[in-house]
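Survey of secondary and tertiary structure
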Amino acid sequence: MKKKILYVITKSGWGGAQQYVYELATNLPRAQLEPIVAGGGNGLLFDRLRDAGIRTISVPGLQRDVAILGEIDAASNLLRVFLRERPDIIHLSGSKAGALGAIAAFLFKLWTLNFKSSTVFTVHGWGFNEDRPLLQRALIFTASWIAGLFQNRIILINTPDYAAARRFLPRRKLALIPHGLPPIAFLSREEARLAFSRAIGRGIPDDTILIGAIAELTKNKGLPYLLEALRRIPATSYKLQAVIIGEGEEHPVLQEQIRRAGLRDIVFLVGFVPDAARFLKGLDLFALPSVKEGLPYALMAAMTAGLPSIATRVGGVPDLVTDRVEGLLVPPKDPEALARAISALASSREDRARMEQAARRKIETKFPFRAMIESTISIYKNGRPHADS
């Protein structure tokens, strides 16, 4: 009999967690598993899922900021969805969906006396590792531990989060399943450069080192540190330009920083670009200055395109990039280290060429797309991946 998989995600916009849900839902064997996706709002994720023939459900209150009465309302709405849909498997993604969804799923099982239904949670970076006040981090840790009591399986996408989970959750519940990427239809370097030129409203000379970032414009992405790093590099050192692809609440803050730092002629915020990874071959370097990460799809796509990366040593980034092999790793919140790394790669064509080959090889050999899909399907069917960690 076909199993019904109900994915629950906090927000239905587009980012790493949303791409994860999309890749899973659209690659299930439909004859055996029926995917449905529920989440807050009615964003781009839902548009793409509906185009793929997958039913979506908007859950009122789920994407709102944290507030006690709002959380009760969101959990109640999730419970109503579970009671109506009667899923065999509930797969939660995102910290808020993970906590509220786990409690709502437990109440659903009590209400229906159906304890065969399984609750799976994927951690896209532990919230208690974010740059927050100590009390908030303690509360998030406690919520994560309580939610873990109600989750049957917990998928970790990088080794640091897996190691952290082993310190406070039963190991029998844990599975390490890194992301994989499906094939990307990259534009040629010439096509991508032309598209960037049009986006910024000016030509990009061939000898310009073009640095790029694809990121949601949030505090976790650490983009102010990248801007400060670029400000510190003397204008006469290299012909540098940077494009930042993405949108978010920090856009006006970053725009003002660019103006104050005198970077308007070299740094350009181009906004959200659908399927932005297609344009990566137009870049020379990829930058990821995050202060918190899970296992970033944008970095994986950049490596697939053969781009040397300059990234911070956070979350699953060291799983992807070995320092001085596929790119350069620097501490988070350190614009001086970022500036030195950018200068080092901008000045060495030989290092860039060596890292290009290593980056492609790493993704192809260590992060195969089918392995992620098949291991997750195995959890749905058997309660464990093909090779448990």
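Everything here concerns the structure above.
Keep in mind that this is a model prediction, so the values were computed, not measured.

**Some remarks on the overall build of the protein**
- In terms of helices and strands, the protein carries 14 helices and 13 strands.
- The C-alpha radius of gyration computed for the protein amounts to 21 Å, which stays within 12% of the reference 21 Å derived for 389 residues, consistent with globular compactness.
- Here the protein holds 389 residues, and 55% of them are scored as buried.
- Taking as baseline every contact in the protein between residues at least 6 positions apart, the subset at least 24 positions apart corresponds to 68%.
- Accessible surface, the protein as shown: approximately 17,300 Å² in total, 54% of it carbon and sulfur.
- A distance of 6 Å separates the average location of the 52 positive side-chain charges in the protein from that of its 37 negative side-chain charges.

**As for the side chain of His91**
- Looking at where His91 falls in the secondary structure, it is placed in strand E4 (residues 89-93).
- Looking at His91, its side chain comes within polar contact range of the side chain of Thr122, at 2.7 Å.
- Of the polar contacts made by the side chain of His91, one reaches the side chain of Tyr380; its length is 2.6 Å.
- In this structure His91 touches Leu6, Tyr7, Val8, Tyr20, Leu24, Val120, Thr122, Ile155, Thr376 and Tyr380, once residues within four positions along its chain are discounted.

**A short note on the pattern of salt bridges**
- According to the stated counting rule, one finds 23 salt bridges in the structure shown.
- One salt bridge connects Glu130 with Lys292, and the closest N-O pair in it is separated by 3.4 Å. Here Glu130 is found in the loop between strand E5 (118-123) and helix H5 (134-149), whereas its partner Lys292 is found in the loop between strand E11 (285-288) and helix H10 (297-304), with 162 residues between them in sequence. As far as burial versus exposure is concerned, Glu130 and Lys292 are alike and both buried.
- Between Arg260 and Glu256 there is a salt bridge whose closest N-O contact spans 3.7 Å.

**Remarks on the packing of H10 against helix H13 (residues 349-366)**
- Close contact between H10 and H13 brings their axes to 7 Å; oriented N to C, the two are set at 120°. Accordingly, the angle class assigned to the pair H10 and H13 is oblique. Where H10 abuts H13, its residues Met300, Met303 and Thr304 lie against Ala359, Arg360, Lys362 and Ile363.
- For the contact of H10 with H13, the residue count by class is four nonpolar, one polar and two charged.

**Section: helix H2 (residues 44-51)**
- Those residues of H2 lying buried are Leu45, Phe46, Arg48 and Leu49. When H2 is viewed along its axis, its buried side chains cluster within an angular range of 165° and face the same direction.
- Backbone geometry just downstream of H2 places Gly53 in the positive-phi region, at approximately 80°.

**Some remarks on the environment of Asp88**
- Summarising the element assignment, Asp88 is placed in the loop between helix H3 (68-85) and E4.
- Given a relative accessible area of 34%, Asp88 falls into the partly exposed group.
- Apart from the residues within four sequence positions on either side, Asp88 is in contact with Lys2, Lys3, Lys4, Lys116, Ser117 and Ser118.

**Topic: the nonpolar core**
- Core analysis: the biggest nonpolar cluster contains 63 residues, and Tyr7, Val37, Leu280, Phe286 and Leu320 have the highest contact counts within it.
- Among residues more than four places away in sequence, those in contact with Val37 are Leu6, Tyr7, Val21, Ala25, Leu45, Phe46, Leu49, Ile54, Arg55, Thr56 and Ile57.
- Of all hydrophobic cores here, the second largest spans 34 residues; its members include Phe82, Phe121, Trp126 and Phe128.

**So, unusual backbone geometry**
- For Arg86, which is not a glycine, the phi torsion comes out positive at approximately 50°.
- The residue Asp275 is not glycine, and still its phi comes out positive at about 50°.
- Relative to the helices and strands, Asp275 resides in the loop between strand E10 (267-271) and E11.
- Note on Asp275: relative accessible area 44%, which makes it partly exposed.

**Remarks on the sheet that holds strand E3 (residues 55-58)**
- Here seven strands make up an open sheet; going across it, the order is E3-E2-E1-E4-E5-E6-E7 and the pairing parallel. Edge positions in the sheet fall to E3 and strand E7 (174-176), since each of these pairs with one other strand and no more. The average undirected angle you get between the axes of adjacent strands in this sheet is 20°.

**Some points on the packing of helix H8 (residues 223-232) against helix H9 (residues 251-260)**
- Here H8 crosses H9 at 10°, and the two axes come no closer than 10 Å. The orientation of H8 with respect to H9, classified from their angle, is roughly parallel. Residues Leu223, Pro224, Leu227 and Glu228 of H8 form the contact with H9, whose own contacting residues are Leu254, Gln257 and Ile258.
- Within the contact of H8 with H9, the residues separate by chemical class into five nonpolar, one polar and one charged.

**Examining a nonpolar patch on the surface**
- Taken together, the side chains of Ile103, Phe106, Leu107, Leu110, Leu113 and Phe115 make up a nonpolar region of the molecular surface, amounting to roughly 570 Å² of accessible area.
- Secondary-structure assignment places Ile103 in helix H4 (residues 95-112).

**Details of the packing of aromatic side chains**
- Applying the stated criterion across every chain yields a total of ten aromatic pairs.
- Taking 5.3 Å as the distance between ring centres and 70° as the angle between the ring planes, the aromatic pair formed by Phe128 and Phe141 counts as edge-to-face. With Phe128 in the loop between E5 and H5 and Phe141 in helix H5, the pair connects residues that are 13 residues apart, well separated along the chain.
- The exposure class of Phe128 is buried, given its relative accessible area of 10%.

Reading guide: rules and limits
- Residues numbered from 1 in each chain as written.
- Predicted model: local features only at pLDDT ≥ 70, side-chain atom pairs only at ≥ 80, totals over all residues.
- Heavy atoms only, no water.
- Helix = DSSP H or I, 4+ residues; strand = E, 2+ residues; numbered from the N terminus.
- Rg over C-alpha atoms; globule rule 2.2 N^0.38 Å.
- Buried < 20%, exposed > 50% of the residue type's maximum accessible area, 1.4 Å probe, protein only.
- Contact = heavy atoms within 4.5 Å.
- Areas by Shrake-Rupley, 256 points an atom, 1.4 Å probe, with all protein chains shown as cover.
- Lys, Arg positive; Asp, Glu negative; His and termini not counted.
- Charge placed at Lys NZ, Arg CZ, Asp CG, Glu CD.
- Polar contact = N/O pair within 3.5 Å; in protein donor to acceptor, adjacent residues only side chain to side chain.
- Salt bridge = Lys/Arg side-chain N within 4 Å of Asp/Glu carboxyl O.
- Axes fitted to C-alpha atoms, helices over the stretch in contact; angles between N-to-C directions.
- Parallel < 35°, antiparallel > 145°, perpendicular 65-115°, else oblique.
- Nonpolar A, V, L, I, M, F, W, Y, C, P; charged D, E, K, R; others polar.
- Arc of directions from axis to C-beta.
- Core = buried A, V, L, I, M, F, W, Y, C linked by side-chain atoms within 4.5 Å.
- Pairing = 2+ DSSP bridges.
- Patch = residues over 30% accessible without salt bridge, like charges linked within 9 Å, V, L, I, M, F, W, Y side chains within 5 Å.
- Phe/Tyr/Trp six-rings, centres within 6.5 Å; stacked < 30°, edge-to-face > 60°.

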